[in-house]
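# Summary of the model geometry
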Amino acid sequence: MYKVSIKPHWRIAYGKKPSIDTAILLRLLDSIQTEGAILQAAKDLGLSYRHAWGLLREAESIFGTPLLEKHRGRGTTLTRFATTLLWAERRIAARLSPTLETLSSELETELAKSVLGTNRTMRLCASHGFAISTLMEHINRQELPIKLRYQNSMEALAALAQGDCEIAGFHLPVDVYEDSMLQLYLQFLSREEHCLIHLANLKQGLLIAKGNPKRILSFRDLTRNDIRFVNRQIGSGTRQVLETLLAKNKIDSANINGFEMTEFTHAAVAAYIASNMADVGFGVETAAHRFGLDFVPLVEERYFFAIARETLESHTMQKMLSIMRNAEFIREINQLGGYDAIETGRIHSVNDVFRLVDL
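Note that this is a predicted model, so its numbers are computed, not measured. (Residues numbered from 1 in each chain as written. Predicted model: local features only at pLDDT ≥ 70, side-chain atom pairs only at ≥ 80, totals over all residues. Heavy atoms only, no water.)

## Regarding the overall build of the chain
A tally of regular secondary structure across the chain gives 14 helices and 14 strands. Taken over the C-alpha trace, the chain has a radius of gyration of 23 Å; the compact-globule value for 359 residues is 21 Å, and the two agree within 12%. Taking the principal axes of its C-alpha atoms as reference, the chain extends roughly 70 × 55 × 40 Å. The buried share of the chain, taken over its 359 residues, is 51%. Residue pairs at least 24 apart in sequence account for 74% of intrachain contacts in the chain once pairs closer than 6 positions are excluded. Surface exposure of the chain reaches about 17600 Å², of which carbon and sulfur atoms provide 49%. (Helix = DSSP H or I, 4+ residues; strand = E, 2+ residues; numbered from the N terminus. Rg over C-alpha atoms; globule rule 2.2 N^0.38 Å. Buried < 20%, exposed > 50% of the residue type's maximum accessible area, 1.4 Å probe, protein only. Contact = heavy atoms within 4.5 Å. Areas by Shrake-Rupley, 256 points an atom, 1.4 Å probe, with all protein chains shown as cover.)

## What to know about the pairing of strand β11 (residues 280-284)
With respect to burial, β11 is a largely interior element, five of its five residues being buried. By the bridge criterion, five bridges tie strand β8 (residues 194-208) to β11 in an arrangement that is antiparallel. The residue of β11 that forms the bridge with L207 is G281. Pairing geometry for strand β9 (residues 229-232) and β11, over two bridges, is parallel. Bridging from a neighbouring strand, V230 pairs with G281 of β11. (Pairing = 2+ DSSP bridges.)

## Description of the packing of helix α5 (residues 130-141) against helix α12 (residues 315-324)
The description of two packed helices rests on the angle between their axes and on the distance between the axes. Running from N to C, α5 and α12 cross one another at 120°; their axes reach a closest spacing of 10 Å. One element, α5, and the other, α12, form an angle in the oblique class. Note on packing geometry: the crossing formed by α5 with α12 is right-handed. Side by side, α5 and α12 meet where L135, H138 and I139 of the first sit next to M320, I323 and M324 of the second. Residues of the contact of α5 with α12, tallied by class, amount to five nonpolar, one polar and no charged. (Axes fitted to C-alpha atoms, helices over the stretch in contact; angles between N-to-C directions. Parallel < 35°, antiparallel > 145°, perpendicular 65-115°, else oblique. Left-handed = near helix turned anticlockwise from the far one by under 90°. Nonpolar A, V, L, I, M, F, W, Y, C, P; charged D, E, K, R; others polar.)

## Comments concerning the environment of E35
The residue E35 is located in helix α1 (residues 22-35) in this model. On the basis of relative accessibility, which here comes to 38%, the residue E35 falls in the partly exposed class. Along the chain, E35 and T76 lie 41 residues apart, while their C-alpha atoms are 8.6 Å from each other. Other than its neighbours up to four places away in sequence, E35 contacts Q40, A41 and D44.

## Things to note about unusual backbone geometry
Of note in this structure, N212 is not a glycine but carries a positive phi near 50°. Structurally, N212 is set in the loop between β8 and β9. Its identity as a non-glycine residue notwithstanding, K250 has a phi of 55°, on the positive side. Along the chain, K250 turns up in the loop between α8 (237-248) and β10 (262-263).

## Some thoughts on the pairing of β8
In terms of residue burial, β8 counts as a mostly covered element, since 14 of its 15 residues are buried. Looking at chain direction, β8 and strand β12 (residues 294-308) are connected through 14 bridges and run antiparallel. Bridge pairing links L206 to V296 in β12. Inspection of the sheet shows β8 paired to strand β14 (residues 347-349) by three bridges, in the antiparallel sense. Pairing of I197 across the sheet is with I347, part of β14. Bridging between β8 and strand β13 (residues 339-340) involves two bridges; their strand directions are antiparallel. Across the sheet, L202 pairs through a bridge with Y339, a residue of β13.

## Details of the confidence of the model for the chain
The predicted model of the chain has a mean per-residue pLDDT of 90, with 96% of residues at 70 or higher. Mean pLDDT values over the elements of the chain span from 76, in helix α7 (residues 179-186), up to 97, in helix α13 (residues 327-334). (pLDDT = per-residue confidence, 0-100.)

## Concerning the packing of aromatic side chains
A complete count under the given rule lists seven aromatic pairs for this structure. Ring centres 5.6 Å apart and planes at 80° place the aromatic pair F170 and Y185 in the edge-to-face group. Of this pair, F170 sits in strand β7 (residues 167-173) while Y185 sits in helix α7, placing them 15 residues apart in sequence. Both residues of the pair, F170 and Y185, belong to the buried class. Here the aromatic residues F170, Y185 and F304 are joined through ring pairs into a cluster of three or more. Positioned above the aromatic ring of W53, the side-chain terminus of R57 is 4.7 Å from the ring centre. Stacked on the ring of W87, the Lys or Arg R90 has its end atom at 4.8 Å from the ring centre. (Phe/Tyr/Trp six-rings, centres within 6.5 Å; stacked < 30°, edge-to-face > 60°. Lys NZ or Arg CZ within 6 Å of the ring centre and 35° of its normal.)

## Regarding the pattern of salt bridges
A side chain of one charge can pair with a side chain of the opposite charge if their charged atoms are brought near each other. Across all of its chains, the model carries 12 salt bridges by this definition. Between E260 and R239 there is a salt bridge; the shortest N-O distance is 3.6 Å. Residue E260 is located in the loop between α8 and β10, and its partner R239 is located in helix α8; the two are separated by 21 residues in the primary sequence. Take R239: its relative accessible area is 4%, and that puts it in the buried class. Linking E343 and R346 is a salt bridge whose minimum nitrogen-to-oxygen distance equals 3.1 Å. On the basis of relative accessibility, which here comes to 48%, the residue R346 falls in the partly exposed class. (Salt bridge = Lys/Arg side-chain N within 4 Å of Asp/Glu carboxyl O.)

Okay, here's the thing in structure tokens:
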């Protein structure tokens, strides 16, 4: 199997000075932030101390501002400018990851087709998330012919119904959606032809700046004039859940500062808040843990894969189920923070799952 990896790469310049490649510089700054010392950071990256210092001085000359601050007895820390560079890198990675991973998957499929003449891969459409990423790592290690395209829950189910994928991932909030919303899901699912595989339970809620400096405790606080919000894109399952919860709490989104400011992943929302560009967002607990944010849980969700019953019997699908039921995979899901793998790999009928949400 071909494996394509695409990573974001950017350069930066100041005024008419030559631009600088950020790849090694950002890795060095990240290591200095972790180690608190240039020498150790250089060793970690396999650089000489002299080379590391030269890189830092060149960057400071181009940017016209220092990158490091030395403190007697407390080692070396990053300046505000250097920290901003790191957060920019993290936001770029978080924002672009679904697009780049989807493109990588498409290229892998095209390369395989050019050699084999046929497409033997199984197509998985799913919304971007930490459990999905963990599963794909295991799938890729075992070289299963499963290719991922990131789409929101409704798009994934529509793709399944239209024959554009064999596996559709979607999340189903507990005690949130109205019957009309659930009926939209069911229009793409056949109670006789499809079954559902449980991936994980997860929690969504408010992602809040570390220490909650503005004392944000509930949805009501989002309408305050001093609160900056960052949202998920229109059409995402998380955005739909949020809008449903706001309606139930009789809160007008027009009164939320930044409601139309959007990001395409939970990680991108968390990175936006962690870099002090917003005070609060709505997303999964795992993103809060990854970016050092506080979290206020508001809703529980169940994540499923919808497949045709005949697909369940395929060799590839059985191998994927074996991965999901493996103790190592279950342990990794439970360690994500905010995820629960208690039912991972369990197969349900469509009737059973939608009966549980009182449709």
